[in-house]
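Okay, here's what each chain looks like letter by letter:
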Amino acid sequence: MEKVKTTLLVEDSPGDVRLTQEAFRDANGTLRLHVAVDGVEALSFLRREGVHGRAPRPDLIPLDLNLPRMDGREVLSVIKQDESLKTIPTVILTTSEAEVDIDAVYHLRANCYLVKPVEFDTFESLVKSISDFWLTLVRLPSQERARCQ
Amino acid sequence: MKKIVLLVEDSPGDVRLTQEAFRDADPQIDLRVAVDGVEAMAYLRREGAHIGASRPDFILLDLNLPKMDGREVLAHIKEDEDLKTIPTVILTTSDAEADVVTSYRLQANCYLSKPVQLEEFESLVKSINDFWLTRVKLPQQALGN
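The following paragraphs examine the structure supplied in this document.

About the thresholds
- Here the residue index of a chain counts from 1 through its sequence in written order.
- To label them, take the chains in the order written and letter them from A, then take the ligands in the order written and number them from 1.
- Restriction of local features to residues with pLDDT of at least 70 applies here, the model being predicted, together with a cutoff of 80 or more for giving and counting side-chain atom pairs; totals for whole chains, interfaces and linings are based on all residues.
- Side-chain numbers here rest on the full set of heavy atoms in the structure, without hydrogens or water.
- Numbering of helices and strands runs from the N terminus, with a helix taken as a DSSP run of H or I at least four residues long and a strand as a DSSP run of E at least two residues long.
- Each residue is placed in one exposure class: buried if its accessible area under a 1.4 Å probe, protein chains only, is under 20% of its type's maximum, exposed if it is over 50%, and partly exposed if it falls in between.
- Two residues form a contact once any of their heavy atoms are found within 4.5 Å.
- Calculation of accessible area relied on Shrake-Rupley with a 1.4 Å probe; when residues are assessed, cover is drawn exclusively from the protein chains displayed.
- Working convention for charge: Lys and Arg count positive, Asp and Glu count negative, and His plus the chain ends are omitted.
- Lys charges are placed at NZ, Arg charges at CZ, Asp charges at CG and Glu charges at CD.
- Just to be clear on terms, a salt bridge is a Lys or Arg side-chain nitrogen sitting within 4 Å of an Asp or Glu carboxyl oxygen.
- Polar contact is the term for a pair of N or O atoms within 3.5 Å; when the atoms are in protein, one must be able to donate a hydrogen and the other to accept it, and sequence-neighboring residues count only if both atoms are side-chain atoms.
- Each residue gets one of three labels, nonpolar for Ala, Val, Leu, Ile, Met, Phe, Trp, Tyr, Cys and Pro, charged for Asp, Glu, Lys and Arg, and polar for the others, Gly among them.
- The set of buried Ala, Val, Leu, Ile, Met, Phe, Trp, Tyr and Cys residues whose side-chain atoms join them within 4.5 Å is what this entry labels a nonpolar core.
- Site definitions follow a grid-based scheme: protein atoms alone, a 1 Å grid, a 1.4 Å probe that fits but cannot get out for cavities, and for pockets an open set with protein on both sides within 12 Å along at least five of seven lines, plus lining residues having an atom within 4 Å of a point.
- Grid points are joined across faces, edges and corners, and a volume is the space filled by probe spheres set on the points.
- Two rings from Phe, Tyr or Trp (for Trp, the six-membered ring) form a pair when their centres are within 6.5 Å of each other. A pair whose planes differ by under 30 degrees is stacked, one over 60 is edge-to-face, and the rest are tilted.

The helix and strand tally for chain B stands at five helices and five strands. Each helix and strand of chain B, ordered N terminal to C terminal, gives the series β-α-β-α-β-α-β-α-β-α. Across its three principal directions, the C-alpha atoms of chain B cover 40 × 35 × 25 Å. Per-residue burial over chain B gives 54% buried out of 145 residues. Put simply, of all contacts in chain B between residues at least 6 apart along the chain, 66% involve residues at least 24 apart. Accessible surface for chain B amounts to roughly 6,500 Å². Of this, 50% is attributable to carbon and sulfur atoms. The average position of the 17 basic charges and that of the 25 acidic charges among the side chains of chain B differ by 6 Å.

Written as structure tokens, this is what we have:
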């Protein structure tokens, strides 16, 4: 039986959150999608702190770069330097097409970089391709049971 | 601009299949092949016979290779300041959890199991092309290429 997958979407724009949730739901009906609206909340979720004490470990993290409180680059950097979090595929999904942003993000060990389309249909299609590729084709590391501190 | 893919694969049959599948998916893809880990590193470091080799935009890497194992190649790539940003995707027969976790710990961009069925294999290569070589923004070629 196929294991139910969990995604942590890190995105501050409510409109984009809504669109992404719907697109993921259309692509994968059983997917559990969690949302963090800024970098601080994202890390709190991943570290299972405070209200996120029972948060599931996500299988995939779509991460926007431009976030309040803690920038997406900083979140990425923290994830990829954390022994217990770095194996979680983290895909940048952001509006910037700037070469400097793309290069910086790969240096920070993002698994890949995707530009958010402006057109709704193209956006849905992109989310579907993320879901199909990362949550169906890709072999993901299994949930690590022991929490490394 | 043509995308350059470095395929690191020792099985001639799998090399052939991959070449054909990429040709079907996108004839514009320039597929280079290294048949073992030593050749792969020589290519990437532009050493010996590979002086002047073009930097690949993307690397498909088998784990079980002669001379230098794919895990070691992956480690070298991801520790090299110059090479580490090249998306490196594991494409291997192993389905073992240990290999999957090791690969992600070594910062593989993703891990794919090679399907046994020909049609599934072709479909996987097409998916790799559609996602990594079409949708994904790859890092720019480093200056001084």
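Next, the rest of the story.
It is worth spelling out the interface of chain A and chain B at this point. Contact residues are listed per partner, giving 31 residues for chain A and 30 residues for chain B. At the junction of chain A and chain B, the tally comes to four salt bridges. Salt-bridge contacts for Arg105 of chain B lead to Glu83 of chain A; the nearest nitrogen and oxygen are separated by 2.8 Å. Run the count over chain A and chain B and you get 14 residue pairs in polar contact (both at pLDDT 80 or more). Those elements that place two or more of their residues in the side of chain A that touches chain B are α4 (99-107), β5 (112-115) and α5 (120-137) of chain A. No other element matches the seven residues that α5 of chain A contributes to the side of chain A that touches chain B. Within the side of chain A that touches chain B, the residues separate by chemical class into 16 nonpolar, six polar and nine charged.

Looking now at the nonpolar core. Judged by nonpolar contacts, the single largest core of 88 residues is most densely connected at Trp134 of chain A together with Trp132 of chain B. Aside from chain neighbours lying at most four places away, what touches Trp134 of chain A is Leu60, Pro89, Val91, Asn111, Cys112 and Leu140 of chain A together with Asn109, Cys110, Phe131 and Trp132 of chain B.

Before going further, it helps to spend a moment on the layout of surface pockets. There is about 250 Å³ of room inside the largest pocket. Along the walls of the largest pocket sit 14 residues, with Lys3, Asp57, Leu138, Pro139 and Gln140 of chain B positioned nearest its centre. Sorting the residues of the lining of the largest pocket by element identifies α4 of chain A together with α5 (118-135) of chain B as the ones contributing at least two each. In terms of residue class, the lining of the largest pocket is made up of six nonpolar, three polar and five charged.

A word on the packing of aromatic side chains. Within a pair of aromatic rings, the relevant descriptors are the distance that separates the centres and the angle that separates the planes. Overall, the coordinates contain seven aromatic pairs over all chains when judged by the stated rule. Here the aromatic rings of Trp134 of chain A and Phe131 of chain B are separated by 6.4 Å at their centres, their planes lie at 80 degrees, and the arrangement is edge-to-face. Here Trp134 of chain A, found in helix α5, pairs with Phe131 of chain B, found in helix α5, and the two come from separate chains. The pair Trp134 of chain A / Phe131 of chain B is uniform in exposure class, with both members buried. Arranged with centres 5.8 Å apart and planes meeting at 80 degrees, the rings of Phe131 of chain B and Trp132 of chain B form a pair that is edge-to-face. The same class applies to Phe131 of chain B as to Trp132 of chain B, namely buried. These aromatic residues form a ring-pair network of at least three members: Phe133 and Trp134 of chain A together with Phe58, Phe131 and Trp132 of chain B.

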